[in-house]
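Okay, here's what each chain looks like letter by letter:
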Amino acid sequence: MQQQIHFITLGVADLARSRAFYKALGWQESSASQEAIAFYQAGSLAFALFQREALAEDANVPPAGSGFAGFTLAHNVESEAAVLALLEEAVAAGATLVRPADKVFWGGFRGYFADPDGFLWEACYNPFVTLEADGSLRLS
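Description of the structure in this document. Keep in mind it's a predicted model, so treat the numbers as computed, not measured. (Residues numbered from 1 in each chain as written. Predicted model: local features only at pLDDT ≥ 70, side-chain atom pairs only at ≥ 80, totals over all residues. Heavy atoms only, no water.)

Some thoughts on the overall build of the chain
What counts is decided by this rule: To qualify as a helix, a DSSP run of H or I must reach at least 4 residues; to qualify as a strand, a run of E must reach at least 2; elements of each kind are numbered from the N terminus. A radius of gyration in this sense is built from C-alpha atoms; the matching globule rule multiplies 2.2 Å by the number of residues raised to 0.38. Only protein chains enter the accessibility calculation, which uses a 1.4 Å probe; a residue whose area is less than 20% of its type maximum is buried, one above 50% is exposed, and one in between is partly exposed. In what follows, a contact means two residues having at least one pair of non-hydrogen atoms within 4.5 Å. Using a 1.4 Å probe, the Shrake-Rupley method yields the accessible areas, and only the shown protein chains count as cover for residues.
What the chain contains, in helices and strands, is three helices and nine strands. Going from N to C terminus, the chain has its helices and strands arranged as β-α-β-β-α-β-α-β-β-β-β-β. The C-alpha radius of gyration computed for the chain amounts to 16 Å, which stays within 12% of the reference 14 Å derived for 140 residues, consistent with globular compactness. Taken over the C-alpha atoms alone, the chain extends approximately 40 × 35 × 25 Å along its principal axes. Counting only residues that meet the buried cut, the chain has 33% of its 140 residues in that class. Restricting the contact set of the chain to residue pairs at least 6 apart, pairs at least 24 apart contribute 47%. For the chain, the exposed area adds up to about 8900 Å²; of that, 55% sits on carbon and sulfur atoms.

This is the structure in C-alpha cells:
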C-alpha cells in the first residue's frame, strides 16, 4: 500500500445541516457532489459528507456509536492569532468549542471545536511544520 490518503468521508446525521455548516465556514462543494453525498477538494485529498446510516451500510458495519471516535481532523494555520480566529469562525458557523486555544508543551498552540455531528477539529499553529503557498503542509 502506498503511503497516501485520498478521501476522508464523515458519516453525518443530517446531510443538509452538515452542508450548511461547511458552507458557513467558506467551503465550496465540488460539482461532483450529488444529492446523497457532498464532495470538497481539500488540498491534495477529497473530503466528503455522507449520511451516517448509508456510510455504515456501505462498509457493512452497524451505524450505532457514541463518544470519542478515536480520531480528529486538523486545520493548521500560520499563527496563534489565526488559531483564535479559526475557532471564532467555526463557532459562528455552528460549531461547539470543545477546548479553548492554549499553548502546548511541545511549542505549538491549539484549540478544538466539534462540527454539528461531534467530529473533532483541531485548530493548530505548529512552528515545526511548513505551510506551503498552496495551503499544503510539509513535515520537517
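The structure having been displayed, the exposition proceeds.
Examining the packing of aromatic side chains
Note the cut-off: Two aromatic rings, drawn from Phe, Tyr or Trp (for Trp, its six-membered ring), form a pair once their centres lie within 6.5 Å of each other, and the interplanar angle then sorts them: stacked below 30 degrees, edge-to-face above 60, tilted otherwise.
According to the stated counting rule, one finds 13 aromatic pairs in the structure shown. Among the aromatic residues, those joined into a cluster by ring pairs are F21, Y22, W27, Y40, F47, F113 and W121.

Here's the deal with the nonpolar core
For the record, the criterion: Only buried residues count toward a nonpolar core, which is a set of Ala, Val, Leu, Ile, Met, Phe, Trp, Tyr and Cys residues joined through side-chain atoms within 4.5 Å.
Within the largest apolar cluster, 24 residues are counted, with the highest numbers of intra-cluster contacts made by L10, F21, Y22, F47, L49 and F113. When residues of this core are traced back to their parent elements, those giving at least two are β1 (7-12), α1 (15-24), β2 (37-42), β3 (45-51), β4 (73-77), α3 (80-93), β6 (109-114) and β7 (120-125). Looking at this core, the element that brings in the most residues is α3, giving six residues. Ignoring sequence-local partners within four residues, the contact set of F47 consists of I8, L10, Y22, W27, A38, F39, Y40, A42, L73 and W121.

Let's talk about the side chain of N126
Secondary-structure assignment places N126 in the loop between β7 and β8 (129-131). Judged by its relative accessible area of 19%, N126 is buried. Among all residues touching N126, those that are not within four sequence positions of it are N76 and W106.

As for unusual backbone geometry
Unusually for a residue other than glycine, N60 sits at a positive phi of about 60°. Relative to the helices and strands, N60 is located in the loop between α2 (52-59) and β4. On the accessibility criterion, N60 (71% relative accessible area) is exposed.

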